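# Report on the structure
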Amino acid sequence: MGAEAEAIGIRHRSWRGFARVAILTIPLIETLGISPASAWGAEGHNIIAYIAASELTPNAKASVSDLLEGDAASSMVRASTWADEIRSSRRETAPWHYVNIRLQNTGYVSSRDCMNDDCVVAQVQRDIKIIGDKSISKPIRAEALRFLIHFVGDVHQPLHCVDNDDRGGNSVRVRLNGTQTNLHAVWDSSIVETLGLSASAIAVSLEKTISKDQVLAWQHSSVVEWANESFNIARGTIYTRLPGKGQTEAPILLPATYAHSQAPVVANQLEKAGVRLAGILNRSFLSPVFTSSVAPTTQVRRAIGFAESGSYVGQSVTVEGIIADVHQARGGTVFLDFGGVYPNSIFTAVIFQSDVRKFYNLQSLKRRKVAVFGEVKMYRGKPEVILSSPDQLKILN
C-alpha cells in the first residue's frame, strides 16, 4: 500500500477495530476515499482511561481536569478516542498510532523503526514533555494530553508494534466462530469483548487484580520497553501460534476458544497501559493547580506525627516518626514505611528511582526517627509524601 493510502488512515489501528466488518470492504473504502475511523469502537481505550483516572494523585487529577475542562475521569474517557476521531482531518498524525518493528527483528531500534521520530514511541515521548511544560500554552498542552491518553493505549496493542507486511494484521483474514474478520480486529475487539459488558465495569474488575508491586514495576519502565513488550507478544503469542501454512495465508480458521484463551494477555496489556498512563500524569503534574476556586496548598508549620498525616491531605507538612521498614521495588523506587511494614504501614515516604541517587544510604534509616517534609497525598487510601530532594528528609536520632 502506498504512502498516500497510509496517510489517510487506511492503516489505522485502534483497540477496537474492524469488528464485524469483513476485510472485503477495504477496496470500497480505498476507492471512495472514506476513512473508517468514525466506525471504529473505543472500548479498549475507554478501559485504559478509566484505570488511569482511578490511579491519579489529587494534583494530577486537578491538572487533568483543568486542561480538559471537566471531571478527570469522564474527560479522559472522552479524550481516549479523540486521536482516532481527528485522524482523517489531521493526516500527519496517522503514523503516530503505531511503530513498524519487522517481525524477523528482535526489538525496537529508533533509527530503523522510527525514522524522523514519526511513530508512536517518539510521539508519546514528545507529548510527555509538552504536558509537563507550563511555559507552553494551555491549548497546546491540552491537545498533547488528548494524544497521550490515546497513544499510550496504542503502544500497548501488540499489533501496533509489529510489521509483517500485513498492515498490522488487518490483511490477515481469519474466521472466528463462523464470522470472517481479520487478525487485527480480533485483537482490537473480539478478545476485549470477552472481558465484560462495559468499559467501566471491565476497568473496575481489572484494577482489583493489580498489586502495588505491579504498579511500581510497570510505571518505572520506558516507552521503548512498552513497545518491545507489545512486539514480543505479537511475535511470540500471535504470529508464531497462528494455524495454517505460512501463518498469514487467508482464510485462517481460529479455534472457537481463541478469544477467551487470549483474554488474559489483552487484560494485562490494558492494565499496564492504564497504570503507566497514570504514572506519567502523576509525575508530570506534581505541583498543585491553583484557580480562583481552588485555594493554594497551605503549609503547616508545626510537625505532626505520621498517624495524623491523613488529616492533612493537600497540605505541605513535616511528618515525624520512626521508620519501620525501608524497601526498594524492582523498578528502583524506595519506600520508607511508618507505623508498620507494608502492607500494614500507616504512612509512607516515597522516593522515585530517578531521585534515589540523591539520597545517601537509605537502608540505614530503618528504625531511625526522622522528619520528612512535603505535600501529603493519598495513594490507594493511605497518605504519603514524595521526596525528591535530601532537603525534605532530616534524621532526628
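In case you missed it, the structure is sitting above this.
Residues numbered from 1 in each chain as written. Predicted model: local features only at pLDDT ≥ 70, side-chain atom pairs only at ≥ 80, totals over all residues. Heavy atoms only, no water.

### Topic: the state of the cysteines
By the definition in use, this model includes one disulfide. Residue pairing for cysteine 114: its cysteine sulfur links by disulfide to cysteine 119, the two sulfurs lying 2.2 Å apart. Judged by the sign of its S-S torsion, about -100°, the cystine formed by cysteine 114 and cysteine 119 is left-handed. On the basis of relative accessible area, cysteine 119 is assigned to the buried category, the value being 1%. (Disulfide = S-S within 2.5 Å. Buried < 20%, exposed > 50% of the residue type's maximum accessible area, 1.4 Å probe, protein only.)

### Focus: the sheet that holds strand E3 (residues 252-253)
Note: strands within a sheet are paired through backbone hydrogen bonds, in either parallel or antiparallel orientation. The strand order across the open sheet formed by three strands is E2-E1-E3, and the pairing between neighbours is mixed. Two strands bound the open sheet, and with one partner strand each, they are strand E2 (179-182) and E3. Here two bridges tie strand E1 (residues 173-176) to E3, and the two strands are oriented parallel to one another. For valine 174, the partnering residue across the bridge sits in E3 and is isoleucine 252. In the packing of helix H10 (residues 183-193) onto the sheet, contacts are made with E1 and E2, and the angle to E2 comes to roughly 100°. (Pairing = 2+ DSSP bridges. Helix = DSSP H or I, 4+ residues; strand = E, 2+ residues; numbered from the N terminus. Contact = heavy atoms within 4.5 Å. Axes fitted to C-alpha atoms, helices over the stretch in contact; angles between N-to-C directions.)

### Looking at the packing of helix H3 (residues 43-54) against helix H11 (residues 199-207)
At a closest axis distance of 8 Å, the pairing of H3 and H11 adopts a crossing angle of 50°. In terms of orientation, H3 lies oblique with respect to H11. As H3 packs across H11, the resulting crossing turns out to be right-handed. Only Ala199, Ser200, Ile202, Ala203, Leu206 and Glu207 of H11 make contact with H3, whose side of the interface consists of Glu43, Asn46, Ile47, Tyr50, Ile51 and Ser54. Within the contact of H3 with H11, the residues separate by chemical class into seven nonpolar, three polar and two charged. (Parallel < 35°, antiparallel > 145°, perpendicular 65-115°, else oblique. Left-handed = near helix turned anticlockwise from the far one by under 90°. Nonpolar A, V, L, I, M, F, W, Y, C, P; charged D, E, K, R; others polar.)

### Brief notes about empty space enclosed by the protein
One pass over the full model with this rule turns up one cavity of 30 Å³ or more. Of the volumes computed, that of the largest cavity is approximately 210 Å³. Looking at the largest cavity, it is lined by 19 residues, and the ones nearest its centre are Gln219, Asn282, Phe352, Tyr379 and Glu384. For the lining of the largest cavity, the element with the most residues is helix H12 (residues 212-219), which contributes four residues. Of the residues contributing to the lining of the largest cavity, the split by class is eight nonpolar, six polar and five charged. (1 Å grid on protein atoms, 1.4 Å probe; cavity = no way out; pocket = protein on both sides within 12 Å on 5 of 7 lines; lining within 4 Å. Points joined across faces, edges and corners; volume = space filled by probe spheres on them.)

### Side note on helix H14 (residues 258-284)
With 27 residues, H14 extends 39 Å from end C-alpha to end C-alpha; this agrees with the ideal 39 Å at 1.5 Å per step. Maximal helix bending in H14 amounts to about 40°, located at proline 264. The element H14 is extensively covered by neighbouring structure, given that 21 of its 27 residues are classed as buried. (Expected span 1.5 Å × (residues − 1). Bend = angle between axes of the 7 residues up to and from the residue.)

### Notes on the pattern of salt bridges
For side chains bearing opposite charge, pairing can occur when the charged atoms are close. In this structure the tally under the stated criterion is eleven salt bridges. Across the salt bridge formed by glutamate 229 and lysine 272, the nearest N and O atoms sit 3.5 Å from each other. Of this pair, glutamate 229 sits in helix H13 (residues 223-238) while lysine 272 sits in helix H14; the two residues are 43 residues apart in sequence, bridging distant segments of the chain. Here aspartate 355 and lysine 358 are joined by a salt bridge, their closest N and O atoms 2.8 Å apart. Relative accessible area serves as the criterion here: at 12%, aspartate 355 is assigned to the buried category. A cluster of three or more residues bridged by salt bridges with shared partners is formed by Arg90, Glu92 and Glu143. (Salt bridge = Lys/Arg side-chain N within 4 Å of Asp/Glu carboxyl O.)

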